[in-house]
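What follows is each chain in one-letter form.
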Amino acid sequence: SAASDVYKRQGVGDSDGITVTVTLKDANNNPVPNTEVTLSITGSSNYINGSTEGNGPTSIGSTNAAGVAVGVIKSTKAEAMYRSAAGGGIALDDTETVTYTPGEATRLTVTGITDPVTAGVASDVVVTAYDEFNNVAAGYTGTIIFTSSDGQAVLPSTGLTFVGSDNGTKTF
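These numbers were taken from a predicted model, which means no experiment stands behind them.

Conventions adopted
Residues numbered from 1 in each chain as written. Predicted model: local features only at pLDDT ≥ 70, side-chain atom pairs only at ≥ 80, totals over all residues. Heavy atoms only, no water. Helix = DSSP H or I, 4+ residues; strand = E, 2+ residues; numbered from the N terminus. Areas by Shrake-Rupley, 256 points an atom, 1.4 Å probe, with all protein chains shown as cover. Phe/Tyr/Trp six-rings, centres within 6.5 Å; stacked < 30°, edge-to-face > 60°. Buried < 20%, exposed > 50% of the residue type's maximum accessible area, 1.4 Å probe, protein only. Pairing = 2+ DSSP bridges. Axes fitted to C-alpha atoms, helices over the stretch in contact; angles between N-to-C directions. Salt bridge = Lys/Arg side-chain N within 4 Å of Asp/Glu carboxyl O. Patch = residues over 30% accessible without salt bridge, like charges linked within 9 Å, V, L, I, M, F, W, Y side chains within 5 Å. Core = buried A, V, L, I, M, F, W, Y, C linked by side-chain atoms within 4.5 Å. Contact = heavy atoms within 4.5 Å.

A closer look at the overall build of the chain
Moving on, step 1. Within the chain, the secondary structure is distributed over 0 helices and 14 strands.
Moving on, step 2. Listing every helix and strand of the chain by position from the N terminus yields β-β-β-β-β-β-β-β-β-β-β-β-β-β.
Moving on, step 3. When the accessible surface of the chain is split by element, carbon and sulfur atoms take 50% of a total near 9800 Å².

Here you go:
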């Protein structure tokens, strides 16, 4: 029997993952039941059906009476990845590129402050927003306020706002 079809993904690249439905049919378009299906993914920080981190091939189980097997892929890395499947050891014709985007910002980092700081010399700082998986949170549009324990430090008097075109990193 020949594997012939992979239906497109459902859902979005979020914490629930992306559902991949694979349907196996023979040359006469009949379902192929009881056949192991595997998924493979390029990239990094990928999980297939809750497996430990890896790219596969990982079994998502055997097809049911209708020739269908369902798997879930997740990633904690914001990147494009190429997804492919095989049924009964035969590579399927349909493949897909899935792009994960960064999550909401959960922390900010500040870099670029000179050490030691020289009195009267300005120092640019770079603030970068990261999501919970250490991806730059490119959609961050929050406002930050600098403070210092040094009473003589000259800091912006108002909050500084990230805009969409900052892509999660801003130099002040």
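Picking up after the structure, the text goes on.
Section: the packing of aromatic side chains
Moving on, step 1. Within this structure, the stated rule accounts for 3 aromatic pairs.
Moving on, step 2. Arranged with centres 4.9 Å apart and planes meeting at 70°, the rings of Tyr 140 and Phe 162 form a pair that is edge-to-face. Of this pair, Tyr 140 sits in the loop between strand E11 (126–130) and strand E12 (143–144) while Phe 162 sits in the loop between strand E13 (160–161) and strand E14 (169–171); the two residues are 22 residues apart in sequence, bridging distant segments of the chain. For the pair shown, Tyr 140 and Phe 162 are each scored as buried.
Moving on, step 3. Plain terms: the ring middles of Phe 146 and Phe 172 are 5.7 Å apart, the flat faces sit at 75° to each other, and that makes the pair edge-to-face. Taken together, the residues Phe 146 in the loop between E12 and E13 and Phe 172 in the segment after E14 connect sequence positions 26 residues apart.
Moving on, step 4. Aromatic rings pair up to connect Tyr 140, Phe 146, Phe 162 and Phe 172 into one cluster.

Focus on the sheet that holds E14
Moving on, step 1. If you walk across this open sheet you meet the 3 strands as E10-E11-E14, and the pairing is antiparallel. On the outer flanks of this sheet lie strand E10 (107–111) and E14, each paired with one strand and no other. Adjacent strand axes in the sheet meet at a mean angle of 20° when their direction is disregarded.
Moving on, step 2. Pairing analysis gives 5 bridges linking E10 to E11, with the strands arranged antiparallel. Residue Val 110 lies in a different strand from E11, and its bridge partner there is Val 127.

Overview of the pattern of salt bridges
If charged atoms from side chains of opposite charge come close, those side chains can pair.
Moving on, step 1. Summed over the entire model, instances satisfying the criterion amount to 1 salt bridge.
Moving on, step 2. A salt bridge links Asp 166 to Lys 170; the nearest nitrogen and oxygen atoms lie 3.3 Å apart.

Thoughts on the pairing of strand E3 (residues 36–41)
Moving on, step 1. Judged from the 4 bridges that link them, E3 and strand E5 (residues 58–62) form a sheet pairing that is antiparallel. Its bridge partner lying in E5, Val 37 is registered against Gly 61.
Moving on, step 2. By the bridge criterion, 5 bridges tie E3 to strand E7 (residues 80–87) in an arrangement that is antiparallel. Paired with Thr 38 across the strands is Ala 86, a residue of E7.

Considering a nonpolar patch on the surface
Moving on, step 1. Taken together, the side chains of Val 110, Ile 113 and Val 117 present a nonpolar region at the surface, about 280 Å² in accessible area.
Moving on, step 2. Looking at the secondary structure, you find Val 117 in the loop between E10 and E11.

A short note on the nonpolar core
Moving on, step 1. Among the nonpolar cores identified, the biggest contains 17 residues, and Val 22, Leu 39, Ile 60 and Ile 73 are the most heavily contacted of them.
Moving on, step 2. Looking at this core, the elements with two or more residues in it are strand E2 (18–23), E3, strand E6 (68–75) and E7.
Moving on, step 3. Aside from chain neighbours lying at most four places away, what touches Leu 39 is Val 20, Val 22, Ile 48, Asn 55, Gly 56, Pro 57, Thr 58, Ile 60, Ile 73, Arg 83, Ser 84 and Ala 85.

Some words on the environment of Ala 78
Moving on, step 1. The residue Ala 78 is located in the loop between E6 and E7 in this model.
Moving on, step 2. The spatial distance from the C-alpha of Ala 78 to the C-alpha of Thr 99 is 7.3 Å, given a sequence separation of 21 residues.
Moving on, step 3. Residue contacts for Ala 78: discarding those within four places in its chain leaves Tyr 100, Thr 101, Pro 102 and Asn 135.

What to know about unusual backbone geometry
Moving on, step 1. A positive phi is found at Asn 134, a non-glycine position, where the angle reads about 75°.
Moving on, step 2. In this structure, Asn 134 sits in the loop between E11 and E12.
Moving on, step 3. For Asn 167, which is not glycine, the phi torsion reads 55° and is therefore positive.
Moving on, step 4. Within the fold, Asn 167 resides in the loop between E13 and E14.
Moving on, step 5. The exposure class of Asn 167 is partly exposed, given its relative accessible area of 48%.

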